[in-house]
Amino acid sequence: MSDLDWGNLPFGYIKTDYNTRCYYRNGKWGEIEVSSSEEVSIHIAATTLHYGQEAFEGMKAFKGKDNKVRLFRWEENAKRMRNSAKGVMMAEVPDEIFIASVEKAIKLNERFIPPYGSGASLYIRPLLIGTGARVGVKPADEYLFMIFVTPVGPYFKEGFKPVKMMIERKFDRAAPLGTGNIKVGGNYAASLNSLDIAHEKGYASALFLDAKEKKYIDEAGPANFFGIKNNTYVTPHSDSILPSITNMSLVTMAEDMGMKVERRRIPVEELSTFEEAGGCGTAAVISPIGQIDDLGTGESYVYDMEKAGEVSTKLYHRLQAIQAGDEEDKFNWIKVVEL
Ligand SMILES: *Cc1c(COP(=O)(O)O)cnc(C)c1O
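Along every chain, residues carry numbers that run from 1 in the direction the sequence is written. Owing to the predicted nature of the model, reporting of local features is limited to residues with pLDDT of at least 70; listing and counting of side-chain atom pairs is limited to 80 or more, with chain, interface and lining totals taken over all residues. Side-chain numbers come from the whole structure's heavy atoms, not from hydrogens or water.

Draft legend 1. Summary view of the overall build of the protein. Within the protein one finds six helices and 18 strands. Between the two quantities, the radius of gyration covers C-alpha atoms and the globule rule is 2.2 Å times the number of residues to the power 0.38. The C-alpha atoms of the protein give a radius of gyration of 20 Å, which matches the 20 Å a tight globule of 339 residues would have. Overall size of the protein, expressed as C-alpha extent along the three principal axes, is 55 × 50 × 35 Å. The proportion of buried residues among the 339 residues of the protein is 52%. We count a stretch as a helix when DSSP gives it H or I for four or more residues in a row; a strand needs E for two or more, and each element gets its number in order from the N terminus. For each residue, the accessible area found with a 1.4 Å probe, counting protein chains only, is set against the maximum for its type, and the residue is called buried under 20%, exposed over 50%, and partly exposed in between.

Put into structure tokens, the structure is as follows:
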């Protein structure tokens, strides 16, 4: 076991021992290779460097009380990565290669899996890039699928505490028929200016509105948005948001807990009617939103900056309990990794 200070890990990169690589050449995927180098050598004209042929995933492995290592809904990450690959015309990673690489990366770095109860987990970052050389704009003929893992602490150091968000209208993250619904680096590049404004002004993140009409809630920074009212879980329906696996899971749990679920457009003004609001994603599970300031209209939507709402809290603890193996895996979301 590594001697890291498990209780105080940042949400950042810590070097581990090995990563995996798998090359797509001559129309087929090769063997999964193991590397101890943190560097990648690629052609200077690789399409990932010029034309954004890149997609990634983010998932976590958790150590349970029983010391078993659990993966959460990996099939959904594999499926989403295939979909992202299609969206920017890259070779799709077959599920067998995806899961074999994930398991290999976890096993080879077993000593970096944070212990049960530390609040930390092993973050897994699958990455697919176009490595074939091109100067004209067309898809590469060669691809590289890599996975590195790194132990991470909780996304927000302060813990499960409400954050402040802002809405500004200077930048869009994704166009309606663009790449907002796939997990590609370009969406993140497009969001950096908004996030920078948010951080500069003391907000945790920026809420993005739909790019076409600027009327509806789209994404909550790098997370999906949800609001709670009248025993209903409301989350945006939009072509330009990334289908979050955390959000899908919260929806299932909310229904299981007797709540109604609505997936529909959410007009900005509706923010004033929610009892609770939050962002959700693998990194933080749920970030409760305590307040949203609309810098365009001057309107402020205030929930509770002191503590997270009752429903968000319940969902947050239940999802984490399932991931850690403390609660029965009723929905069949867990795969135990054989070490
Ligand atoms: C990855 C991501 C999310 C969260 O998805 P999860 O599967 O829950 O981790 C939400 N929004 C965007 C834009 C993302 O890239």
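Draft legend 2. Quick look at the packing of aromatic side chains. Side-chain rings of Phe, Tyr and Trp (the six-membered ring for Trp) are treated as a pair once their centres are within 6.5 Å; stacked means planes under 30 degrees apart, edge-to-face means over 60, and tilted covers the remaining angles. Tallying each qualifying case throughout the model produces 13 aromatic pairs. Between W74 and F98, the ring centres sit 6.5 Å apart and the planes meet at 20 degrees, which makes this aromatic pair stacked. One end of the pair, W74, is in helix α2 (residues 74-87); the other, F98, is in helix α3 (residues 95-108), with 24 residues separating them in the sequence. Relative accessible area serves as the criterion here: at 0%, F98 is assigned to the buried category.

Draft legend 3. Quick peek at unusual backbone geometry. Although it is not a glycine, R73 adopts a positive phi angle of roughly 45 degrees. The backbone phi angle of K214 is positive, close to 55 degrees, even though this residue is not glycine. Tracing the backbone shows K214 in the loop between β10 (205-209) and β11 (217-220). K214 sits in the partly exposed class, given a relative accessible area of 22%.

Draft legend 4. Main features of the packing of α2 against α3. Two numbers describe how α2 lies on α3: the axes approach to 10 Å, and their chain directions differ by 125 degrees. In terms of orientation, α2 lies oblique with respect to α3. α3 is crossed by α2, and the crossing has right-handed handedness. The residues of α3 that touch α2, namely those facing W74, N77, A78, M81 and R82, are D95, F98 and I99. Residues were grouped as follows: Ala, Val, Leu, Ile, Met, Phe, Trp, Tyr, Cys and Pro as nonpolar; Asp, Glu, Lys and Arg as charged; and all remaining residues, including Gly, as polar. A per-class count over the contact of α2 with α3 returns five nonpolar, one polar and two charged. To obtain an axis, a line is fitted to C-alpha atoms, over the contacting stretch when the element is a helix, and the angle between two such axes runs from 0 to 180 degrees between their N-to-C directions. Oblique is the label for any angle not under 35 degrees, not over 145, and not in the 65 to 115 range, which are roughly parallel, roughly antiparallel and roughly perpendicular in turn. When the near helix sits turned anticlockwise from the far one by under a right angle, the crossing is termed left-handed; a clockwise turn instead gives a right-handed crossing. The contact rule is simple, with two residues in contact once any of their heavy atoms fall within 4.5 Å.

Draft legend 5. Layout of the pairing of strand β16 (residues 285-294). Of all ten residues that make up β16, ten are buried, and the element is covered over most of its length. A pair of strands counts as paired when DSSP detects no fewer than two bridges linking them. With five bridges joining them, strand β9 (residues 163-167) and β16 adopt parallel strand pairing. The partner of K164 across the bridge, within β16, is Q291. Following strand β15 (residues 276-281), the chain reverses through three residues before pairing antiparallel with β16. Bridge count between β16 and strand β17 (residues 300-302): three bridges; the pairing is antiparallel. Each residue of the ladder has a partner; that of Q291, found in β17, is V302. Connecting β16 to the next strand, β17, in antiparallel fashion are five residues, including G298 with a positive phi near 85 degrees.

Draft legend 6. Focus on the domain arrangement of the protein. What marks off one domain from the next here is an automatic or database domain assignment. Along its sequence, the protein is carved into domain 1 (6-152) and domain 2 (163-324). On a C-alpha basis, the centres of domain 1 and domain 2 stand 26 Å from each other. Contacts between the two partners involve 22 residues from domain 1, matched on the other side by 17 residues from domain 2. What gets called buried area is simply the loss in accessible area from a 1.4 Å probe that two parts show on being joined, summed for both. When domain 1 packs against domain 2, the two sides together hide about 1700 Å² of surface, and 64% of this comes from carbon and sulfur. Taken as a group, F56, F72 and R80 account for 36% of the area that domain 1 buries against domain 2, more than any other trio of residues on that side. Whenever two N or O atoms come within 3.5 Å, that pair is a polar contact, provided that in protein one can donate a hydrogen and the other can accept it, and provided that, for residues adjacent in sequence, both atoms are side-chain atoms. Summed over the shared surface of domain 1 and domain 2, the number is eight residue pairs in polar contact (both at pLDDT 80 or more). At the level of secondary structure, the elements contributing two or more residues to the side of domain 1 that touches domain 2 comprise β4 (54-56), β5 (59-63), β6 (69-72) and α2. Of the residues forming the side of domain 1 that touches domain 2, the biggest block, six residues, is contributed by α2. Looking at the side of domain 1 that touches domain 2, its residues break down into eight nonpolar, six polar and eight charged.

Draft legend 7. Summary view of the nonpolar core. Counting residues in hydrophobic clusters, the biggest one holds 35 residues, and the most contacted among them are W29, L71 and I106. Residue assignment for this core shows that the elements contributing at least two residues are β1 (19-25), β5, β6, α2, α3, β7 (121-130) and β8 (143-152). Contacts of W29, omitting those with residues within four sequence positions, involve C22, Y23, Y24, A91, E92, V93, P94, I97, L128, Y143 and F145. For the purposes of this section, nonpolar cores are sets of buried Ala, Val, Leu, Ile, Met, Phe, Trp, Tyr and Cys residues that join through side-chain atoms within 4.5 Å. If you look at the next biggest cluster of nonpolar residues, it comprises 22 residues, including I228, I245, I286 and F331.

Draft legend 8. Geometry of the site of the ligand. In the region of the ligand, 14 residues are neighbours, and K183, Y188, S244, T246 and T282 sit closest. Looking at the shell around the ligand, the elements that each hand over two or more residues are β12 (223-229) and α5 (245-256). Each residue belonging to the shell around the ligand can be placed in one class, and the counts come to five nonpolar, five polar and four charged. The nearness test applies per residue and asks whether one of its heavy atoms lies within 4 Å of the molecule or strand.

Draft legend 9. The arrangement of the side chain of K183 in detail. Of note, K183 is situated in the loop between β9 and α4 (185-200). For the buried K183, no salt bridge is present, and the opposite-charge side chain at shortest range is E57, 5.6 Å distant. Those residues in contact with K183 that sit more than four places away from it in its chain are A55, F56, E57, G58, R80, S84, Y188 and L242. Lys and Arg are tallied as positive, Asp and Glu as negative. Neither His nor the chain termini are counted. Between Lys or Arg on one side and Asp or Glu on the other, a salt bridge is scored when a side-chain nitrogen of the former is within 4 Å of a carboxyl oxygen of the latter.

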